[in-house]
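What the coordinates show
Chain residues, written in single-letter form:
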Amino acid sequence: DFLQIDAPINRGNSGGPVFNVDGEVVGVSTAIFSPNGGNIGIGFAIPANQARLVVDQLREHGVVERGWLGVEIQDLDAELATGLDPDSPNGALVASVGAASPAAAAGLEAGDVITRFAGEAIDSARTLSRAVGATRPGSEVEIEIWREGRRQTLEVELGEAEQTAATAAARST
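What this report covers is the structure whose coordinates are included nearby. Computed from a predicted model, the values in this text were never measured in an experiment. (Residues numbered from 1 in each chain as written. Predicted model: local features only at pLDDT ≥ 70, side-chain atom pairs only at ≥ 80, totals over all residues. Heavy atoms only, no water.)

Within soluble globular proteins, side chains that are nonpolar generally end up buried alongside one another. Core analysis: the biggest nonpolar cluster contains 21 residues, and Leu69, Leu108, Ile114, Phe117, Leu128 and Ile143 have the highest contact counts within it. Of all the elements, helix H4 (residues 125-133) adds the most residues to this core, at four residues. With sequence-adjacent residues up to four places away left out, isoleucine 143 is seen in contact with Leu69, Leu108, Ile114, Arg116, Phe117, Gln152, Thr153, Leu154 and Val156. Judged by nonpolar contacts, the second largest core, of five residues, contains Leu76, Ala81, Leu93 and Val113. (Core = buried A, V, L, I, M, F, W, Y, C linked by side-chain atoms within 4.5 Å. Buried < 20%, exposed > 50% of the residue type's maximum accessible area, 1.4 Å probe, protein only. Helix = DSSP H or I, 4+ residues; strand = E, 2+ residues; numbered from the N terminus. Contact = heavy atoms within 4.5 Å.)

Assignment of secondary structure puts arginine 147 in strand E10 (residues 140-147). Engagement of the side chain of arginine 147 in a polar contact is seen with the side chain of aspartate 112, the distance being 2.7 Å. Non-local contacts of arginine 147, meaning those with residues more than four positions away in its chain, are made with Gly107, Leu108, Glu109, Asp112, Gln152 and Leu154. (Polar contact = N/O pair within 3.5 Å; in protein donor to acceptor, adjacent residues only side chain to side chain.)

Glancing now at the pairing of strand E11 (residues 150-157). Each regular strand carries side chains that alternate between the two faces of the sheet. Of the strand pairs in this sheet, E10 and E11 are connected by eight bridges, and their pairing is antiparallel. In the strand pairing of E11, glutamate 142 is matched with glutamate 155. The antiparallel pairing of E10 with E11 creates a hairpin that spans two residues between the two strands, and glutamate 148 there sits at a positive phi of about 50°. (Pairing = 2+ DSSP bridges.)

Once that is clear, we can look at the side chain of glutamate 65. If you trace the backbone, glutamate 65 turns up in the loop between helix H1 (48-61) and strand E5 (67-68). A residue is classified by how much of its surface remains accessible, and glutamate 65, at 18% relative accessible area, is buried. At 2.9 Å, the side chain of glutamate 65 forms a polar contact with the side chain of arginine 136.

Any functional reading would require information beyond the geometric quantities listed.
Structure, rendered in C-alpha cells:
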C-alpha cells in the first residue's frame, strides 16, 4: 500500500518524510513513476502508520517478521457472493491453498470465504493480507469462514513470510 504524491523525488533522495498541509508526517517517500528515469511528478510514499509498525518491530526484535497463511485470495464481490450464498458479500475468497502451507494444515479449502481473522472482520482481500502480515509468525489465530452454506471456525498457526523483495512481489498472502 502506497500513497501517491506529487512531491519531487529524484534518485538518491527517497526515504524522507512526506508532510500534509498541517505539517504532520504522513509517509516516507519511496519511489517514483518514471518512464525515462527523471521525475514526472508521480511519486509514492509508504504511509506513516505502516512505517511505524516496521520501526516498532525493528526496535523490539531487530528484524521485521510477517505472518504467512499460504493462500491465494480475491475480493468477494456481489456476483460471487450470490453464487456462494453467504449472508454478507464481505470477505476474502480463497482461490487456492498452498500444499504445505499453514492454511492447508488448518483445513482451509479453495472456495472458502474468510470473514474473520483473529477476531477482526474481513471485508476484502486487502484487509486479510494486512491482518496476516501484521501477525507474528507462529501465532495461533482463529479464522472464521463461510463454507457450504454455514459458518465454521478454524485454528491456524501462521508461518513466516519470506523476506526477499522478489518473493514478496510474487508471494500471495
